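# Coordinate analysis (summary)
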Amino acid sequence: DTAVSQTPKYLVTQMGNDKSIKCEQNLGHDTMYWYKQDSKKFLKIMFSYNNKELIINETVPNRFSPKSPDKAHLNLHINSLELGDSAVYFCASSQGTITNEKLFFGSGTQLSVL
Amino acid sequence: AQSVAQPEDQVNVAEGNPLTVKCTYSVSGNPYLFWYVQYPNRGLQFLLKYITGDNLVKGSYGFEAEFNKSQTSFHLKKPSALVSDSALYFCAVRDRKGSSGSARQLTFGSGTQLTVLP
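Nothing here was measured: the structure is a model prediction, and the numbers come from that model.

Looking now at the overall build of chain B. The secondary structure content of chain B amounts to zero helices and twelve strands. Ordered by position from N to C terminus, the α and β elements of chain B give β-β-β-β-β-β-β-β-β-β-β-β. When its C-alpha atoms are laid out on the principal axes, chain B stretches across 45 × 30 × 20 Å. Burial statistics for chain B: of 118 residues in total, 47% are counted as buried. Partitioning the intrachain contacts of chain B with sequence separation of at least 6 by distance along the chain shows that 59% fall at a separation of at least 24. About 5400 Å² of surface is accessible on chain B, with carbon and sulfur atoms providing 48% of the total. For chain B, the distance from the average position of its 11 positive side-chain charges to the average position of its 8 negative side-chain charges is 10 Å.

As C-alpha cells, this is what we get:
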C-alpha cells in the first residue's frame, strides 16, 4: 500500500486555468505538507497542516489554497495558473510537529503550465 | 535563519569506491540533520538523521553520515558505492529551537546528483 499518494502524477494545463492536486496518507500521521520543487531541483515548503489546522504558510501567492478535510488529506488548489507555477509538487506527512521527525513523501505531481 | 549548503551539484564515483556527498549547515541553535534520497520520478526517501549522541549515524542502504559540530558539517558517506546508489541526495536541517512557523520547517539543500559508474 502506498503510504503517501498524490494525484494526478502529471498535470498539463493552460495559463489562467484553475486546478487541484489531491494528497492522501494512510500512515495515521497528524501533520501534512506541500513542497514545491523547481526546475533546478530546489525544494521549498509551501504549507503545513497539523490535525487540519494550518501551521506553516510560507510566502506563497494567495492563488494557492490548501484544504484539509481531515487529517489524512491535504489538497492543493491553484487558481489562475501562471507559467512560473510549472514545477513538481510534493505532498509529505509526519507523525507530528516535533522537529526531529522524518518526513514521508509522495511521488510528486509534475505540473506544466503552457 | 537556518540554511544548508551542498557545494557539489554533481559527484561521480566508480562502483566499489567510497563515496562522500558534502553538506554544511547554519542554525542559530543546535541542529537536527537529515539526509534524503530522490530517485528519478519519485518522492524523497529518508536515509538517516542526527539527533544527538554518537556523531557517526548509520542509515539505510549502507549509508552513514558524520556530524562535525566545529565544521558545521554532516557529510554523507558509503564505503563501497553501487550503481543503484545513483540518485539525487538532499541534506536538510531543522533548528532545535524552532518553536513555531517557519522555524519548524525542514530546510533542504539544493541537492547533489550522485552518479556511480560501472
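Right, let's talk about the overall build of chain A for a bit. Within chain A one finds zero helices and eleven strands. In sequence order, the secondary structure elements of chain A are arranged as β-β-β-β-β-β-β-β-β-β-β. Relative to the globule expectation of 13 Å for 114 residues, the C-alpha radius of gyration of chain A, 13 Å, shows essentially globular dimensions. Across the 114 residues in chain A, those meeting the buried criterion constitute 44%. If you take every contact in chain A between residues at least 6 apart in sequence, the share linking residues at least 24 apart comes to 54%. Accessible area of chain A: about 5500 Å², with a carbon and sulfur share of 50%. In chain A, the 12 positive side-chain charges and the 11 negative ones have mean positions that sit 5 Å from each other.

Let's shift gears to the interface of chain A and chain B. Across the boundary between the two partners, chain A contributes 23 residues, which contact 25 residues of chain B. Together, the buried faces of chain A and chain B total about 1900 Å²; carbon and sulfur atoms form 57% of this surface. At the boundary of chain A and chain B, one finds three residue pairs in polar contact (both at pLDDT 80 or more). Taken together, the elements giving at least two residues each to the side of chain A that touches chain B come down to strand 4 (31-37), strand 5 (43-50) and strand 6 (53-57) of chain A. With three residues, strand 4 of chain A is the single largest residue contributor to the side of chain A that touches chain B. Residue composition of the side of chain A that touches chain B, by class: eleven nonpolar, six polar and six charged.

All names here are of chain B. For Ala87, the position within the fold is in strand 10 (residues 87-95). In this structure, the C-alpha to C-alpha distance between Ala87 and Ser110, residues 23 residues apart in sequence, is 14 Å. With sequence-adjacent residues up to four places away left out, Ala87 is seen in contact with Val37, Gln38, Tyr39, Thr112, Gln113 and Leu114.

Before going further, it helps to spend a moment on the pattern of salt bridges. All names here are of chain A. The final tally for this structure, using the stated rule, is six salt bridges over all chains. The partner of Glu82 in a salt bridge is Arg63, with the nearest N and O atoms 3.5 Å apart. Within this pair, whereas Glu82 is found in the loop between strand 8 (73-78) and strand 9 (87-94), its partner Arg63 is found in the loop between strand 6 and strand 7 (64-70), the two being separated by 19 residues in sequence. Judged by its relative accessible area of 41%, Glu82 is partly exposed. A relative accessible area of 13% places Arg63 in the buried class.

A separate point is the pairing of strand 11 (residues 109-113) of chain A. Residue and element names in this part refer to chain A. Burial along strand 11 is one-sided: Thr109, Leu111 and Val113 are buried, and none of Gln110 and Ser112, which face the opposite way, are. Here strand 2 (residues 10-13) pairs with strand 11 via four bridges, running parallel. In the strand pairing of strand 11, Val12 is matched with Ser112. Alignment of strand 9 against strand 11, held across three bridges, turns out to be antiparallel. Counted as the bridge partner of Ala87 is Leu111 from strand 11.

For the rest of this paragraph, the subject is the side chain of Gln38(B). Relative to the helices and strands, Gln38(B) resides in strand 5 (residues 31-38). Relative accessible area serves as the criterion here: at 7%, Gln38(B) is assigned to the buried category. Polar contacts involving the side chain of Gln38(B) include one to the side chain of Gln37(A), which spans 3.0 Å. Contacts of Gln38(B), omitting those with residues within four sequence positions, involve Gln37(A), Phe90(A), Gly43(B), Leu44(B), Ala87(B), Leu88(B) and Phe90(B).

About the criteria used
Residues numbered from 1 in each chain as written. Chains lettered and ligands numbered in written order. Predicted model: local features only at pLDDT ≥ 70, side-chain atom pairs only at ≥ 80, totals over all residues. Heavy atoms only, no water. Helix = DSSP H or I, 4+ residues; strand = E, 2+ residues; numbered from the N terminus. Buried < 20%, exposed > 50% of the residue type's maximum accessible area, 1.4 Å probe, protein only. Contact = heavy atoms within 4.5 Å. Areas by Shrake-Rupley, 256 points an atom, 1.4 Å probe, with all protein chains shown as cover. Lys, Arg positive; Asp, Glu negative; His and termini not counted. Charge placed at Lys NZ, Arg CZ, Asp CG, Glu CD. Rg over C-alpha atoms; globule rule 2.2 N^0.38 Å. Buried area = accessible area lost by both parts, 1.4 Å probe. Polar contact = N/O pair within 3.5 Å; in protein donor to acceptor, adjacent residues only side chain to side chain. Nonpolar A, V, L, I, M, F, W, Y, C, P; charged D, E, K, R; others polar. Salt bridge = Lys/Arg side-chain N within 4 Å of Asp/Glu carboxyl O. Pairing = 2+ DSSP bridges.

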